Amino acid sequence: MAAYPELNGRVVAITGAASGIGAVAAREFAAQGARVALVDIARDDAEALAAELVAAGGAARHVHCDISDEASVQAAIAQVTAAFGGLDVLVNCAGGYTKMLNIEQMPVEEFDKVIALNLRGTFLMCKAAIPSLKASKAGRIINIASISGRTVHATSSPAYGAAKAGVIQLTRFLAWELGPHNITANSIAPITTLTPRVAALRTPEQVEQMAASIPLRRLAEPIDHVNAMLWLASDAASYINGVSLDVNGGRVMF
Ligand SMILES: NC(=O)c1ccc[n+]([C@@H]2O[C@H](COP(=O)([O-])OP(=O)(O)OC[C@H]3O[C@@H](n4cnc5c(N)ncnc54)[C@H](O)[C@@H]3O)[C@@H](O)[C@H]2O)c1
């Protein structure tokens, strides 16, 4: 694991930090000495992980939030800044979808729900965090998009793909608007990733079949994305702004 001493003491808020990629991000930012706010709607898992990080000597706390609700987001950012005295890095990792429906079958309520979680939630978190990030010496926004926002994926949801494409473009606008304040904004577009949730939904044969279509012949692990997050948050990436970083083993290249 690369070491980024400059992350020591930085305040990092991670949405979706109770599980999957976000949980690995919380662990690894804490391992770098960052003070971590685990912003998640799921109380038990987020509180348990925060307690684990604190027991290991880190500074971490769960901040309860529904990222699709404006008042909840504003309260969460206020809690983060009150607890840690500011905010340096915002990682928007909460997202996903549960139903694979084509456009003709999709009820408008399902479309709205997926957009609210993946795109509106990211917008609300960024908007609420901007004043605190402006006060930071090294403000960073890292938005987790998806390969589904980069190309049409047969086994994805059209609403999810549209939301994640929106996240990528929203990130470019953030980069444009916030660059003058020394805040960078970049997105990461992961391919299917072997989180515990994803692994439980697929047989080893299905995983092998998916891996066969990827040049690197394996699915991503959460740490592949977290390594990209740490680097984007570090001083080494201080001139990287508005980029959408494909972390997909070469599955989609343009
Ligand atoms: N896992 C993959 O294969 C994969 C692939 C491409 C992109 N992604 C993206 O990566 C990110 C993380 O994915 P994952 O599979 O690790 O997720 P996950 O499903 O394991 O975890 C999502 C987390 O978000 C939280 N959450 C859900 N709704 C919320 C809300 N309204 N407010 C606050 N928190 C909420 C959940 O409680 C959970 O802790 C997502 O944005 C996802 O779209 C994942």
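### Focus on the overall build of the protein chain
For the protein chain, the helix and strand inventory stands at 8 helices and 7 strands. Relative to the 2.2 N^0.38 estimate, which gives 18 Å for 254 residues, the radius of gyration of the protein chain is 17 Å and therefore close to what a compact globule would have. Each of the three principal axes of the protein chain carries a C-alpha extent, and together these read 45 × 40 × 35 Å. Burial statistics for the protein chain: of 254 residues in total, 49% are counted as buried. Long-range contacts, defined as pairs at least 24 residues apart, comprise 72% of the intrachain contacts of the protein chain with a sequence gap of at least 6. For the protein chain, the accessible surface area stands at approximately 11,900 Å², while carbon and sulfur atoms represent 56% of it.

### What about the packing of helix α1 (residues 20–31) against helix α2 (residues 43–55)?
At their nearest, the axes of α1 and α2 sit 11 Å apart, and the two run at 20° to each other. As far as their axial angle goes, α2 and α1 are roughly parallel. Seen from above, α1 lies across α2 with right-handed handedness. Here Ala23, Ala26, Arg27 and Ala30 of α1 come into contact with α2, specifically with Leu49, Glu52 and Leu53. Residue composition of the contact of α1 with α2, grouped by class: 5 nonpolar, no polar and 2 charged.

### Topic: unusual backbone geometry
The backbone of Asn182 shows a phi angle near 60°, a positive value even though the residue is not glycine. Its place among the elements puts Asn182 in the loop between α5 (158–178) and β6 (184–190). The residue Arg217 is not glycine, and still its phi comes out positive at about 55°. Within the secondary structure layout, Arg217 lies in the loop between α7 (204–212) and α8 (222–233).

### Topic: the site of the ligand
Around the ligand, the surrounding shell holds 28 residues, and the nearest of these are Ile21, Asp40, Tyr160, Thr193 and Arg197. The separation between a nitrogen atom of the ligand and a polar side-chain atom of Asp66 is 2.9 Å. Residue Thr193 places a main-chain N or O atom 2.7 Å away from an oxygen atom belonging to the ligand. Across the complex, the protein chains shield 87% of the 830 Å² of accessible surface that the ligand would expose by itself. Of all the secondary-structure elements, those providing two or more residues to the shell around the ligand are α1, α5 and α6 (196–201). The residue makeup of the shell around the ligand, split by class, is 15 nonpolar, 9 polar and 4 charged.

### What about the sheet that holds strand β4 (residues 89–92)?
The strand order across the open sheet built from 7 strands is β3-β2-β1-β4-β5-β6-β7, with neighbouring strands paired in parallel fashion. Across the chains shown, the open sheet's two edge strands, defined by having one partner strand only, are β3 (59–64) and β7 (244–247). Going across the sheet, the axis of each strand differs from the next one's by a mean of 20°, ignoring polarity. Its contacts with the sheet put α1 on β1 (11–15), β2 (35–40) and β4, and the angle it makes with β1 is roughly 170°.

### A look at the pattern of salt bridges
Per the counting criterion, the structure on display carries 4 salt bridges. Residue Asp246 is joined to Arg150 by a salt bridge in which the shortest nitrogen-to-oxygen separation is 2.7 Å. Here Asp246 is found in strand β7, whereas its partner Arg150 is found in the loop between β5 (140–144) and α5, with 96 residues between them in sequence. With a shortest N-O distance of 2.9 Å, Asp224 and Arg218 are connected by a salt bridge. In this structure Arg218 comes out as partly exposed when scored by relative accessible area, which is 41%.

### Focus: the environment of Ala23
Following the sequence through the fold, Ala23 ends up in helix α1. For the pair Ala23 and Asn143, spaced 120 residues apart in the sequence, the C-alpha separation amounts to 15 Å. For Ala23, the residues in contact, after removing those within four places along its chain, are Gly16, Ala17, Ala18 and Leu49.

### Looking at the nonpolar core
Across soluble globular proteins, you tend to see nonpolar side chains buried next to one another. One finds Ile14, Phe29, Val36, Leu38, Val91, Ile142 and Met229 to be the most contacted residues of the largest nonpolar core, which totals 32 residues. Those elements that place two or more of their residues in this core are β1, α1, β2, α2, β4, β5 and α8. Apart from residues no more than four positions distant in its own chain, Ile142 is found in contact with Val89, Leu90, Val91, Asn92, Asn186, Ile188, Met229, Leu232 and Ala233. Counting 29 residues, the second largest nonpolar core, distinct from the first, contains Ile67, Cys126, Leu133 and Ile141.

### Description of the side chain of Ser156
Structurally, Ser156 can be placed in the loop between β5 and α5. For Ser156, a relative accessible area of 11% puts it in the buried group. Sequence-distant contacts of Ser156, defined by excluding residues within four places in its chain, comprise Tyr97, Met100 and Ser148.

Conventions used here
- Residues numbered from 1 in each chain as written.
- Predicted model: local features only at pLDDT ≥ 70, side-chain atom pairs only at ≥ 80, totals over all residues.
- Heavy atoms only, no water.
- Helix = DSSP H or I, 4+ residues; strand = E, 2+ residues; numbered from the N terminus.
- Rg over C-alpha atoms; globule rule 2.2 N^0.38 Å.
- Buried < 20%, exposed > 50% of the residue type's maximum accessible area, 1.4 Å probe, protein only.
- Contact = heavy atoms within 4.5 Å.
- Areas by Shrake-Rupley, 256 points an atom, 1.4 Å probe, with all protein chains shown as cover.
- Axes fitted to C-alpha atoms, helices over the stretch in contact; angles between N-to-C directions.
- Parallel < 35°, antiparallel > 145°, perpendicular 65-115°, else oblique.
- Left-handed = near helix turned anticlockwise from the far one by under 90°.
- Nonpolar A, V, L, I, M, F, W, Y, C, P; charged D, E, K, R; others polar.
- Near = heavy atom within 4 Å.
- Polar contact = N/O pair within 3.5 Å; in protein donor to acceptor, adjacent residues only side chain to side chain.
- Pairing = 2+ DSSP bridges.
- Salt bridge = Lys/Arg side-chain N within 4 Å of Asp/Glu carboxyl O.
- Core = buried A, V, L, I, M, F, W, Y, C linked by side-chain atoms within 4.5 Å.

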